[in-house]
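Per-entry structural report
For reference, the chains in residue letters:
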Amino acid sequence: MNAISTVESAGRGAATRSLPPTVADLSALGARVGPMSALPTTSAPAQALRHGAALARAARETFGFAELRPGQAEVMEEVLDGRPVVTVMPTGAGKSLCFQLPAVLLGEQGGVTLVVSPLIALMKDQVDVLLARGVAAAALTSMASAAEQSEILEGIRGGLYTLVYVAPERFRSPRFLDALMAIGSRLALIAVDEAHCISEWGHDFRPDYRRIGEAILALRPPRLVALTATATPEVREDIATQLRMQSPRIHVRGFDRPNLHYSVERVGGGDDKARRLIDLVRMRPGGVALVYAATRKNAEKWADALSRAGMRARVYHAGLEDKAREKAQDSFMAGKLDAIVATNAFGMGVDKSDIRVVVHADLPRSPEAYYQEAGRGGRDGVATACVLLFNHSDVRLQEFLIGASYPTPEVLRGLWRLLRDEPELGAADPDRLRGRLPGDPHASAVKSALRILARHGLLREDAEGSYVAVRPEEHGGGGEKLDVESLSRRAEVERGKLKTMVEYAYHAACRRQFILDYFGDEDWRDRQQRCAGCDTCDAL
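Residues numbered from 1 in each chain as written. Predicted model: local features only at pLDDT ≥ 70, side-chain atom pairs only at ≥ 80, totals over all residues. Heavy atoms only, no water.

**Looking at the pairing of strand S9 (residues 288-292)**
Extensive coverage of S9 is indicated by the burial of 5 of its 5 residues. Burial of the side chains of S9 extends over both faces: Val288, Leu290 and Tyr292 are buried on one face and Ala289 and Val291 on the other. Of the strand pairs in this sheet, S9 and strand S12 (residues 355-360) are connected by 5 bridges, and their pairing is parallel. Its bridge partner lying in S12, Val291 is registered against Val359. Here S9 pairs with strand S11 (residues 339-342) via 4 bridges, running parallel. Bridge pairing links Val291 to Val341 in S11. (Buried < 20%, exposed > 50% of the residue type's maximum accessible area, 1.4 Å probe, protein only. Helix = DSSP H or I, 4+ residues; strand = E, 2+ residues; numbered from the N terminus. Pairing = 2+ DSSP bridges.)

Have a look at this one:
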């Protein structure tokens, strides 16, 4: 399927640099220089593959590729020509190369590429691969010691790196912004990976991603690309808007992965689910198994069930120590495991070709999450089973998790007022606080409310670790403004996606058509269309 380029036009900006040391100043600078629409533009279409020879050379010499995959060259051409680009490619289609290869060419001229990425695991995997291929790359993450972070910052200032990976939270750091200031006009490209995280309507919205738009207004990079594997048409539009793209080019590759076989198996209680999970992992046709769970507790439970059945299994979730997560990922990548059992904290950017079965032991929260996680299987083109073990009680678990993640406006307001009026409760356990709040929220929702209020500067922790209410006029606008109604809208978006996932589980027609139509794939709009790669079509 050809890439769909929806809007022509450009967006190459002058490389003006005068970076202030705070995010607030970044925003102010953006207001002074004006929006990206005011930058010089050109409406002339790029000459077809005019960078083709250079791209082919770098692909061969640096990455060992004899040719590029369909759609990659078109994206790279427009990135190098300075057009703002939104790229949607399915997992395994090679979207990371769409910024890595241009970065190598730009690096040959002294240019630096800044890559914004959401997860440490993603950064680690990509940086390890780049270093092995002789590309100067670094990941500035919280896993690095203070000394290591200082060394990386000095390397950024000194132009030692071709690619620098950071999380969006890094834009809060004055030291990092100072290092960007030192780069000056050598900042050649900003690549925003997993760009769906910037959209409130996406399945994995992360508020810190919104900081990127402010930084782009200030940095005015000559090249800008956003990449994701999962974005509906509405999310694509929001990505472009949030990144301040003027007339972006949209590239959408076909979402179909013919080697993936989709199926849903109805299971009874936990014991029945565990037995079927063990069978799927044990009977896989070689390679390794990737198992997803909805919670850390369930991930531990399923990993334990596999281990007790005699299989080499490890667990991966955000509650583990950094070294334990790294060891689990390294063992998985080295082929030392039969299965890794993980929450959604695992997988972004992890490129392992021989995953032969992907099992969702719990119902995912959204079609986007399911498609992305299932798509981590079969990256070598070999047939791979993507199995959802479904019990309707899983729906209640996800409904609970949504409620816990997005406390109501009443709970947020009530909690702040409670801690303002009764400061001695700042050290109280969430179980104690919940009884004083409207709606009798679960303790998990109270914990989320505390984190949200603290993130927005409306609570702070004192020396004893107690929460203290901060009046809005006292924090001086240092925190991100809290929009409680936005949280309610976000919760409704999540519930809508969960409803769609339940519909998928009960869907009596082609499952592939259901998924691809959801993402707006033009080739799969016909509800009567059938595939040869799902359980319902197999039964016909």
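From this point on, the discussion continues.
**Digging into the state of the cysteines**
Counting across every chain of the model gives 0 disulfides. Between Cys534, a cysteine without a disulfide, and Cys537, which holds the nearest cysteine sulfur, the sulfur-to-sulfur distance is 3.6 Å. (Disulfide = S-S within 2.5 Å.)

**Things to note about the environment of Ala369**
Relative to the helices and strands, Ala369 resides in helix H13 (residues 367-374). Here Ala369 falls in the buried class, since its relative accessible area comes to 12%. Between the C-alpha atoms of Ala369 and Asn344, which are 25 residues apart in sequence, the distance is 8.2 Å.

**So, the side chain of Gln242**
Its place among the elements puts Gln242 in helix H9 (residues 233-242). Given the relative accessible area of 16%, Gln242 is considered buried. Each residue touching Gln242, except ones within four places of it in the same chain, is listed here: Ile198, Arg210 and Gly213. (Contact = heavy atoms within 4.5 Å.)

**Re the confidence of the model for the protein**
Of all residues in the protein, 88% have pLDDT values of 70 or greater, and the mean over the chain is 85. This model gives residues 1-47 a pLDDT under 50, and the stretch forms 105 contacts once residues within four places in sequence are excluded. (pLDDT = per-residue confidence, 0-100.)

**Digging into the sheet that holds strand S2 (residues 112-116)**
In spatial order, the strands read S3-S4-S2-S5-S6-S1-S7; together these 7 strands make up an open sheet with parallel pairing. The open sheet terminates on both sides in strands that have one partner only, identified here as strand S3 (137-140) and strand S7 (249-252). Taken over all neighbouring pairs, the strand axes of this sheet differ in orientation by 20° on average, direction set aside. Pairing of strand S1 (residues 85-88) with strand S6 (residues 224-228) involves 4 bridges; the strand directions are parallel. Among the inter-strand pairings, Val86 is bridged to a residue of S6, identified as Ala226. Running over the sheet, H9 touches S1, S6 and S7 and is turned about 150° from S1. (Axes fitted to C-alpha atoms, helices over the stretch in contact; angles between N-to-C directions.)

**Regarding helix H5 (residues 120-132)**
Taking 1.5 Å per residue, 13 residues should reach 18 Å; H5 reaches 18 Å between its end C-alpha atoms and fits that length. For H5, the set of buried residues is Ala121, Leu122, Met123, Lys124, Asp125, Gln126, Val127 and Leu130. Buried positions along H5 lie against helix H2 (52-63), helix H4 (97-107), S3, strand S4 (163-166), strand S10 (313-316) and helix H12 (322-333). In the segment just after H5, Gly134 is the residue with positive phi, at about 85°. (Expected span 1.5 Å × (residues − 1).)

**Regarding the packing of aromatic side chains**
Summed over the entire model, instances satisfying the criterion amount to 10 aromatic pairs. Pairing Phe255 with Tyr371 gives two aromatic rings, centres 5.6 Å apart and planes at 65°, and the pair type is edge-to-face. Of the two residues, Phe255 sits in the loop between S7 and strand S8 (260-266) while Tyr371 sits in helix H13, which places them 116 residues apart along the sequence. For the pair Phe255 and Tyr371, one class covers both residues: buried. Following the ring pairs from residue to residue traces out a cluster consisting of Phe255, Tyr371, Tyr518 and Phe519. (Phe/Tyr/Trp six-rings, centres within 6.5 Å; stacked < 30°, edge-to-face > 60°.)

**Comments concerning the sheet that holds S9**
Spatial strand order, S8-S13-S12-S9-S11-S10: 6 strands in an open sheet with parallel pairing. Whereas interior strands pair on both sides, the edge strands pair on one side only; in this sheet they are S8 and S10. Across the sheet, the mean angle from the axis of one strand to that of its neighbour is 20°, orientation sign disregarded. Taken strand by strand, helix H10 (residues 270-282) contacts S8, S9, S11, S12 and strand S13 (384-390), and its axis lies near 175° from that of S13.

**Observations regarding the nonpolar core**
Most often, soluble globular proteins keep nonpolar side chains buried together rather than apart. Formed by 91 residues in total, the largest nonpolar core has its most connected members in Leu243 and Tyr262. Listed in part, the 34 residues of the second largest apolar core include Val85, Met89, Leu101 and Ala103. (Core = buried A, V, L, I, M, F, W, Y, C linked by side-chain atoms within 4.5 Å.)

**Overview of the packing of helix H15 (residues 409-421) against helix H17 (residues 443-455)**
Between H15 and H17, the shortest axis-to-axis distance is 10 Å and the interhelical angle comes to 75°. Classified by the interaxial angle, the pair formed by H15 and H17 is roughly perpendicular. Between H15 and H17, the residues in contact are Val411, Leu412, Leu415, Trp416 and Leu419 and Val446, Ala449, Leu450, Ile452 and Leu453, respectively. A breakdown of the residues in the contact of H15 with H17 according to their chemical character gives 10 nonpolar, no polar and no charged. (Parallel < 35°, antiparallel > 145°, perpendicular 65-115°, else oblique. Nonpolar A, V, L, I, M, F, W, Y, C, P; charged D, E, K, R; others polar.)

**Notes on unusual backbone geometry**
The backbone of Ser247 shows a phi angle near 50°, a positive value even though the residue is not glycine. Backbone geometry places Asp440, a non-glycine residue, at a positive phi of 50°. In this fold, Asp440 is placed in the loop between helix H16 (430-434) and H17.

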